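Listed below, chain by chain, are the residues.
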Amino acid sequence: MKRARGLILAVAGIVLLFPLAPLLLWSFTTYWRWPVVWPNFDGGHWLRLIADGRILPALGNSLLLSTLITCFALALSFFPAKILGTRNFRGKRLLELLLLVPAFIPQISVVFGMQQVFMKLGLYSNFPGTLTANLVFYVPYATLLLAAVFEDYDIALEEQSRTLGVGRLKTMVFVTLPAVRSGIIVTGVFCFIGSWAVYLLNNVVASPRFHTLPGVIFPLVSVGNNSYSTIATAIIIYILPVLFLLFITSKALASAGNLTKHNIL
Amino acid sequence: MSAFLSLENIYKTYPGQDGLVLADVNLTLAKGEIVALLGASGSGKTTLLKIVSGLESQDKGRVVLDGKILDGLPPEKRSTAMVFQKSLLFRHLTVAENINFAPRLNRAFERAELRARTSAMLELLHLEGYGRKRVTELSGGQEQRVSLGRALMTEPSLLLLDEPLSALDINLKWALLMEIRELNVRLGQTMLYVTHDQKEAAAVANRVAFLDGGRLARVARPHEFYSRPLSLAEAKFFGWENFIPCSLENGRLRSAMGEYALPGLALGAYRPGEGYYMCIRPEAAKNVGSGAWSGVVKSALPQGLGTLCEIECRGETLKLVLPARFVHHPGESVSFDLDPELFWVVPS
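These figures come from a predicted structure and were not determined experimentally.

Rules and cut-offs
Along each chain, numbering runs from 1 in the same order as the chain's sequence is written. All chains are assigned letters beginning with A, and all ligands numbers beginning with 1, in the order in which they are written. Per-residue local features of the predicted model are confined to residues with pLDDT of at least 70, and side-chain atom pairs are confined, for both listing and counting, to 80 or more; whole-chain, interface and lining totals are unaffected and use all residues. The way it works is that DSSP assigns letters per residue, a run of H or I at least four long becomes a helix, a run of E at least two long becomes a strand, and they are numbered from the N terminus. Note on burial: count the other C-beta atoms lying within 10 Å of the residue's C-beta; 20 or more is buried, 12 or fewer is exposed, in between is partly exposed, and C-beta positions come from the backbone. Distance between backbone-placed C-beta atoms decides contact: two residues are in contact if it is within 7 Å. Two strands make a pair as long as DSSP finds a minimum of two bridges between them. Each nonpolar core reported here comprises buried Ala, Val, Leu, Ile, Met, Phe, Trp, Tyr and Cys residues connected via C-beta atoms within 7 Å. For the domain bounds, the source is a domain assignment made automatically or taken from a database. Asp, Glu, Lys and Arg are counted as charged, while Ala, Val, Leu, Ile, Met, Phe, Trp, Tyr, Cys and Pro are counted as nonpolar; the rest, among them Gly, fall into the polar class. To obtain each axis, a line is fitted to C-alpha atoms, and for helices this fit is confined to the stretch in contact; angles are then taken between N-to-C directions over 0 to 180 degrees. Convention used here: angles under 35 degrees read as roughly parallel, angles over 145 as roughly antiparallel, angles from 65 to 115 as roughly perpendicular, and any remaining angle as oblique. Here a crossing is called left-handed whenever its near helix is offset anticlockwise from the far helix by less than a right angle, and right-handed whenever the offset is clockwise.

1. Concerning the overall build of chain A
A tally of helices and strands in chain A yields 15 helices and zero strands. With the C-alpha coordinates aligned to their principal axes, the bounding extent of chain A is approximately 70 × 60 × 30 Å. The proportion of buried residues among the 265 residues of chain A is 34%. The long-range share in chain A, meaning contacts at least 24 apart out of those at least 6 apart in sequence, stands at 76%.

Right, dumping it as structure tokens:
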């Protein structure tokens, strides 16, 4: 059983990571096309992209933006999700459907309207505006994910803690949060990855003064004057933070049974 | 008896639910006493326990513990601790961390003293050597012991137990009941113990408070419920069977089965002309095979040492436990006597 599990993990690892190997190789070559078998290794593309002056600030913006989106989305969705997941009340199904609306409606149908509103509010093309625009989509998303987590949570644990003389705040910190820790991490990972890849919304609301990594890399990839090596380097820079995040949260992801059970993931 | 806990005129309703969940409940507990709240499902016993703990609030009435009115206080300020039916252990903590959970978070003791008290509690609960184990490694009985220890570590004025042993198998249940009694004696811990099992209540409690449909029907010593029930509901709950309508005439009970003078019954409490039920315990049958009563067995259900038989007798169907050494088949005749000590009469 243990051997079979190891084998499955090894195969899954190869299937998932194999496409990255040529990208990694390409990112360190100057020219590697047929009939060249053995490429010339060179770190020039990395240096050029770093020196370009757009990639690193955009990477920093994206890291900060996705981290804050994740934190705000988790913080703002925690208590609504707990109520949604642990209580029954009239209109609960309707509320769940409303929370699904941002996921169902194509972004393009709302982003231009948002742009107009954000211009009036002074939130256009700046960091707070971009953060707010993303939260419009990620707070409902995180609420739905966390609500599924709370459906498996036994609220009696809190009652138990309080009848032992432990106050509300300590109960939340030392009972509730550890009990739903895996679900919170998984929800956070999905919010981070989702917001990391946002292009259209950020392009409309954040540009031209504020740039995220997809906003810099996608034009770079699509414009024909770049070599495979430059594109490969840009893509590696783009996916490395996500891979790192997946690596450090892999244990929590593996125990995300409660989310998969509710067909959320 | 001075009241340590006093429940005064407690009323409770739930929104959207017809009728009162609790109606005019009055109950007192002395310090160091164990009182069992006994009743069928839906009788309001858990609701009453939650009102005492602060997890629910009453519509009317008040709760006084050790001279302090608890109404409006949150659960954590009440100096009570509760053990639930499920052990509700914190899965991310070890056994020792569960046991010292509340005093550790509330910084009730110095670190060394906390460690010493945790060890002492583990020893008291026969869990030496389990302190560093994950709670997921424990058996059901051990889990419930840890839950009990976690509550006792808070040194509560009042320990509330909500059917804490109902999920355990019978042998474990009796062993833990003995331990709870022992803890009560050793620590002098006052306990309010909710159960729907009359045998459990009788085993653990000094007194039993019987809740019937949200009303406190009676508070008495356990054996009084068994031998002297005051109502049909009480009689049924405490294992009486065979409820035969009867009346009192000339100092004798008259029923369709005949007239009886019951020497063990103080008939002065009953009024002539009113309707009563004569109750006969299933264990009342004696002198099987040679008694003055006779009947025909309708059904027989073996129960180990005895066989629960339905016997057609004098126009009534009696449920009686006959010794298993006699083999009883449906359709067979059987003779027996009935022990008048196991007769009782309740108002209809």
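What follows continues from the structure just given.
2. A word on the overall build of chain B
Of the regular secondary structure elements, chain B holds nine helices and 20 strands. The principal-axis extent of the C-alpha atoms belonging to chain B is close to 75 × 45 × 40 Å. With 348 residues in all, chain B has 38% of them scored as buried. Considering only contacts within chain B whose residues lie at least 6 apart along the sequence, 66% involve residues at least 24 apart.

3. Here's the deal with the environment of Gly251(B)
Residue and element names in this part refer to chain B. As for its position among the elements, Gly251 is in the loop between β11 (241-249) and β12 (252-255). On the basis of neighbour counts, which here come to 9 C-beta atoms within 10 Å, the residue Gly251 falls in the exposed class. On a C-alpha basis, the gap between Gly251 and Val146 in space is 57 Å, while along the polypeptide they are 105 residues apart.

4. Considering the sheet that holds strand β5 (residues 68-69) of chain B
Residue and element names in this part refer to chain B. Strand order across the open sheet formed by four strands is β2-β1-β4-β5, with antiparallel pairing between neighbours. Each edge of the sheet is formed by a strand with only one pairing partner; in this case those strands are β2 (22-29) and β5. Strand direction decides the pairing type here: strand β4 (residues 60-65) and β5, joined by two bridges, are antiparallel. Residue pairing in the sheet places Val64 in a bridge with Ile69 of β5.

5. Side note on the nonpolar core
Counting 116 residues, the largest nonpolar core has Ala36(B), Leu37(B), Leu192(B), Tyr193(B) and Ala209(B) as the members making the most contacts within it. A per-element tally of this core places helix α7 (residues 127-151) of chain A first, with 13 residues. Sequence-distant contacts of Leu192(B), defined by excluding residues within four places in its chain, comprise Leu29(B), Val35(B), Leu37(B), Leu49(B), Val52(B), Leu158(B) and Leu160(B). Core analysis: the next-biggest nonpolar cluster, separate from the first, contains 10 residues, Ile55(A), Val216(A), Ala234(A) and Tyr238(A) among them.

6. What about the domain arrangement of chain A?
Residue and element names in this part refer to chain A. Under the domain assignment used here, chain A contains domain 1 (1-42) and domain 2 (53-261). Just the C-alpha atoms count here: the centres of domain 1 and domain 2 sit 30 Å apart. In this complex, domain 1 contributes six residues to the contact, which on the side of domain 2 involves six residues. Each residue belonging to the side of domain 1 that touches domain 2 can be placed in one class, and the counts come to three nonpolar, three polar and no charged.

7. With respect to helix α1 (residues 45-53) of chain B
A turn of α-helix holds 3.6 residues, and therefore any two residues three or four places apart point the same way. Residue and element names in this part refer to chain B. Counting buried residues in α1 gives nine out of nine residues, a clear majority hidden from the surface. Taken together, the buried positions of α1 are occupied by Lys45, Thr46, Thr47, Leu48, Leu49, Lys50, Ile51, Val52 and Ser53. At the C-terminal side of α1, Gly54 shows a positive phi close to 95°.

8. Quick notes on the packing of helix α8 (residues 156-163) of chain A against helix α9 (residues 168-179) of chain A
Residues and elements named next belong to chain A. Look at α8 against α9: their axes get within 10 Å of each other, and the N-to-C directions meet at 155°. As the angle between them shows, α8 and α9 are arranged roughly antiparallel. α8 and α9 meet at a crossing whose hand is right-handed. For the pair α8 and α9, contact is made by Leu157, Glu158, Ser161 and Arg162 and by Thr171, Val175, Thr176 and Ala179, respectively.

9. Some details on the packing of helix α3 (residues 44-51) of chain A against helix α13 (residues 228-248) of chain A
All names here are of chain A. At their nearest, the axes of α3 and α13 sit 9 Å apart, and the two run at 65° to each other. As summarised for this structure, α3 and α13 are arranged roughly perpendicular, according to the angle between their axes. Along this stretch, α3 crosses α13, giving a crossing that reads as right-handed. Residues His45, Trp46 and Leu49 of α3 lie in contact with α13, whose contacting residues are Ser229, Thr230, Thr233, Ala234 and Ile237. For the contact of α3 with α13, the residue count by class is four nonpolar, four polar and no charged.

10. Some remarks on the domain arrangement of chain B
Splitting chain B by domain gives domain 1 (5-227) and domain 2 (240-347). Centre-to-centre, using C-alpha coordinates, domain 1 of chain B lies 39 Å away from domain 2 of chain B.

11. So, unusual backbone geometry
Residues and elements named next belong to chain B. One non-glycine residue with positive phi stands out, namely Asp24, at about 50°. Relative to the elements of secondary structure, Asp24 occurs in strand β2. According to the C-beta neighbour criterion, Asp24 is partly exposed, with 14 such atoms within 10 Å. The backbone of His126 shows a phi angle near 60°, a positive value even though the residue is not glycine. Take His126: it is sitting in the loop between α4 (111-124) and α5 (140-152). For His126, a count of 11 C-beta atoms within 10 Å translates into the label exposed.

12. Remarks on the pairing of β4(B)
When a strand is regular, its side chains alternate between the sheet's two faces. In this sheet, β4(B) lies alongside strand β1 (residues 5-12) of chain B in antiparallel orientation, the contact comprising five bridges. Residue pairing in the sheet places Tyr11(B) in a bridge with Lys60(B) of β4(B).

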